[in-house]
Amino acid sequence: MSGIEDNSYHSEAGVKPGEETAFQPARLARILIALSILSFACALTAQTPQDSLAAGRVDQALQILEQQIHTSPTAETYNFLCRAHFELGAWDAGIPACEKATALAPNNGLFHLWLGRIYGEKADRAGFFKAAGLAGKVRTEFERAVELSPGSWEARTDLAEFYLEAPGIVGGGKDKALSQAELIAPLNPAMAHWVKARVAEKNKDSAAAEREYRAAIDASQGGARAWLNLAGFYRHANRLDEMEQALRTMESRPVDHPAALVDAAGILLRTGRDAALAMRLARRYIASSNTVEEAPVFKAHTVLGELLEKQGDRPAAAEEYRAALALAHTFRPAQEGLKRVTR
């Protein structure tokens with residue numbers, strides 16, 4: 001045995017060979033810390049970014065993605081990074097990641113779809129001239145997504161919505177939206193009716209719009225998404241009693257679209273209607289094992305916090321805002337809500 005090994009033994013134990021080693025709390029603490037770090041690393045490894053985003057754990061997703069980009073960056077990693085920032089509403093932070101994803105994988109329709117979506121969110125909050133420039137980018141990305149993934153009803157629906165909302169000068173047009181509706185019909189009949197309903201609303205034909213929204217309900221076999229969309233129509237028409245009734249009906253229908261629960265709670269919050277139903281829907285979503293990226297759990301906690309705050313229950317509201325921030329510590333609405341109820 002070499003002298004190096006002997007010295008190592010003596011310096012670590014602090015005793016001579018053959019002597020019993022005394023209990024050392026500091027050493028035990030170091031072992032426990034090491035085990036905790038190892039356990040945390042294993043937990044991160046077990047979770048994919050997609051799992052974390054679907055569960056609303058955006059802080060965890062960002063940590064995983066930063067590790068992956070540092071070690072083995074891929075187009076998919078950059079796409080998920082973009083989507084994590086999208087959840088937080090951090091458009092400026094997310095755009096470069098989405099652009100990088102499409103640069104690395106230019107023939108991936110999904111990546112172009114997400115780039116179009118984040119350009120669209122940025123455009124909605126930009127000034128007129130900047131928004132006009134971004135609108136062209138949105139159209140280009142959505143059209144490219146459809147070209148690469150012609151069987152994607154999601155890409156076609158986003159493109160149809162762009163055509164419906166954008167002015168003609170940047171490529172919009174109701175006729176183009178209706179053309180997409182016909183192509184969506186064999187892929188997702190309910191969403192085809194939704195596009196037609198939106199076109200009817202733009203034409204100020206409320207009767208036709210309501211018929212299409214109800215046709216979407218029939219086509220989806222009474223799914224929650226279609227009932228939510230009908231409720232949204234009633235809200236825009238200021239038919240709030242009918243809106244409430246549609247959302248009560250939605251509560252008992254198949255949850256084909258889990259995000260509908262959170263969106264419905266948000267509609268009730270913003271219109272100041274049926275707080276009990278809104279809180280029930282938000283809590284149902286939070287307790288569900290079927291959460292989705294489209295409705296991050298931290299946003300559901302924030303909506304529930306706002307509902308409780310309106311009811312005057314500040315301690316319960318604070319608890320919900322803290323739950324949101326535990327998942328997404330930079331989410332501004334939850335930060336601002338917590339400040340309001342704890343000052």
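Refer to the structure above for everything that follows.
Reference entry: report on the structure contained in this document. Keep in mind that what you see is a predicted model, and the values were worked out from it rather than measured.

1. Brief notes about the environment of R253
Mapping R253 onto the fold places it in the loop between α14 (240–251) and α15 (259–271). The class for R253 is partly exposed, based on a relative accessible area of 33%. Sequence separation between R253 and Q221 is 32 residues, and the spatial gap between their C-alpha atoms is 9.1 Å. The residues contacting R253, other than those within four sequence positions of it, are G222 and W227. A distance of 3.0 Å separates polar atoms of two side chains, one belonging to R253 and the other to S252.

2. Section: the state of the cysteines
Summed over all chains, the structure comprises 1 disulfide. Disulfide pairing is shown between C82 and C98; the S-S distance is 2.0 Å. Linking C82 and C98, the disulfide has an S-S dihedral of approximately -85° and is accordingly described as left-handed. With a gap of 16 residues between them, C82 in helix α5 (residues 75–88) and C98 in helix α6 (residues 91–104) connect regions that are remote in the sequence. The pair formed by C82 and C98 is uniform in burial state, with each residue classed as buried.

3. Things to note about the side chain of H85
Relative to the assigned elements, H85 resides in helix α5. Beyond its immediate sequence surroundings of up to four residues, H85 is in contact with L62, A90, A93 and G94.

4. Let's talk about the packing of helix α17 (residues 297–310) against helix α19 (residues 332–342)
Interhelical geometry of α17 versus α19 gives an angle of 25° and a closest axis separation of 10 Å. Taken together, the axes of α17 and α19 lie roughly parallel to each other. Helix-helix and strand crossings are classified by hand; for α17 and α19 the assignment is left-handed. Across the interface between the two elements, T302, E306 and E309 of α17 pack against P333, A334, R340 and V341 of α19. Of the residues contributing to the contact of α17 with α19, the split by class is 3 nonpolar, 1 polar and 3 charged.

Conventions used here
Residues numbered from 1 in each chain as written. Predicted model: local features only at pLDDT ≥ 70, side-chain atom pairs only at ≥ 80, totals over all residues. Heavy atoms only, no water. Helix = DSSP H or I, 4+ residues; strand = E, 2+ residues; numbered from the N terminus. Buried < 20%, exposed > 50% of the residue type's maximum accessible area, 1.4 Å probe, protein only. Contact = heavy atoms within 4.5 Å. Polar contact = N/O pair within 3.5 Å; in protein donor to acceptor, adjacent residues only side chain to side chain. Disulfide = S-S within 2.5 Å. Axes fitted to C-alpha atoms, helices over the stretch in contact; angles between N-to-C directions. Parallel < 35°, antiparallel > 145°, perpendicular 65-115°, else oblique. Left-handed = near helix turned anticlockwise from the far one by under 90°. Nonpolar A, V, L, I, M, F, W, Y, C, P; charged D, E, K, R; others polar.

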